[in-house]
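Residue-level listing of the chains:
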Amino acid sequence: MGRQPSKELLGLGLFGPLPDNVIDFSKYLRERFPLLSRNILFICNENENTCPFSSIPVLRIEQIHSLSDLFAVLKRSPPELIFVESSLSWEDPLHIITEVHHITEVPIVMVCKSSPQQMSSLLKQAYAAGLSDVLKSPVLRDDLMEILSVFLQVELQHFKNH
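Everything quoted here is computed from the prediction, not taken from an experiment. (Residues numbered from 1 in each chain as written. Predicted model: local features only at pLDDT ≥ 70, side-chain atom pairs only at ≥ 80, totals over all residues. Heavy atoms only, no water.)

1. Quick notes on helix H5 (residues 120-129)
Regarding H5, the residues found buried are Leu122, Leu123, Ala126 and Ala129. Axial view of H5: buried residues confined to an arc of 120°, hence all on one face. Along H5, the residues that are exposed and aim more than 90 degrees away from the buried face are Lys124 and Ala128. Where H5 ends, the next residue or the one after it, Gly130, has phi of about 130°, a positive value. (Buried < 20%, exposed > 50% of the residue type's maximum accessible area, 1.4 Å probe, protein only. Helix = DSSP H or I, 4+ residues; strand = E, 2+ residues; numbered from the N terminus. Arc of directions from axis to C-beta.)

Structure representation (structure tokens):
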């Protein structure tokens, strides 16, 4: 016969509902930092070690530096949002957008170092290939928060002032 859980473990909610005076820490983390559990990809140049979103410590982003890495990640655990640099040295961003769009309906946001007006031809092709939106680099925190809240459908008001 198996061992019964102690009254202390039962009281901590490990084998039932938590008492009113105990906080469910995992629920608290999900509510307070909704992006920690989200799968977000940033497709960037191989020599780039910093992500333009690193100023947001509660944002977990996996950086991708090759097409084979991208396909491995898409197969392993499809992301909920993809950011792709407009000036990749290792692959045409349009090819990446087209390939990803054929595999999954995940939103894709292009990060442009030039103004969107200067890139209008590329952006027209990118939207036709499946692009969802564009961000100007350097990425402003409020613009990023808007993109994340729209595409991930997460309330992020408390991050705007931190």
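2. What to know about helix H6 (residues 141-152)
For H6, which comprises 12 residues, the first-to-last C-alpha distance of 16 Å matches the rise-based estimate of 16 Å (1.5 Å per residue) to within 8%. Taken residue by residue, H6 has Leu144, Met145, Ile147, Leu148 and Leu152 as its buried positions. An end-on view of H6 places all buried positions within 160° of arc, on one side of the element. (Expected span 1.5 Å × (residues − 1).)

3. Some details on the pairing of strand S4 (residues 108-112)
Taken across its 5 residues, S4 has 5 buried, putting it largely inside the fold. Here S4 shows two buried faces, one formed by Ile108, Met110 and Cys112 and the other by Val109 and Val111. Bridge analysis of strand S3 (residues 81-85) against S4 gives 4 bridges, and the strand direction is parallel. By the bridge assignment for S4, Ile82 is matched with Ile108. Regarding the hand of the β-α-β motif, the stretch spanning S3, helix H4 (residues 93-103) and S4 is right-handed. (Pairing = 2+ DSSP bridges. Right-handed = clockwise from strand over helix to strand, strands pointing away.)

4. Some points on the environment of Ser132
Within the secondary structure, Ser132 sits in the loop between H5 and strand S5 (133-136). Accessibility expressed as a relative area gives 30% for Ser132, which makes it partly exposed. Here the alpha-carbon distance between Ser132 and Met110, two residues 22 residues apart in the chain, equals 8.1 Å. Look past the residues within four positions of Ser132 in its chain and what remains in contact with it is Pro107, Ile108, Tyr127 and Phe151. (Contact = heavy atoms within 4.5 Å.)

5. A short note on the pattern of salt bridges
Evaluation of the coordinates by the stated rule reveals 1 salt bridge. Note that Arg76 is salt-bridged to Glu62, the shortest N-O span being 3.2 Å. In this pair, Arg76 is assigned in helix H3 (residues 67-76) and Glu62 in strand S2 (residues 61-64), connecting sequence segments 14 residues apart. Under the relative-accessibility criterion, Arg76 is labelled exposed at 54%. (Salt bridge = Lys/Arg side-chain N within 4 Å of Asp/Glu carboxyl O.)

6. Regarding the nonpolar core
By size, the foremost hydrophobic cluster in this structure holds 26 residues, and its most contacted members are Ile43, Leu70, Ile96 and Met110. The set of elements that each furnish at least two residues to this core consists of strand S1 (40-43), H3, S3, H4, S4 and H5. Those residues within four positions of Met110 in sequence are excluded, and the remaining contacts are Val84, Glu85, Ser86, Pro93, Ile97, Leu122, Leu123, Ala126, Leu131, Asp133, Val134 and Leu135. Of all hydrophobic cores here, the second largest spans 15 residues; its members include Phe42, Ile61, Leu81 and Ile147. (Core = buried A, V, L, I, M, F, W, Y, C linked by side-chain atoms within 4.5 Å.)

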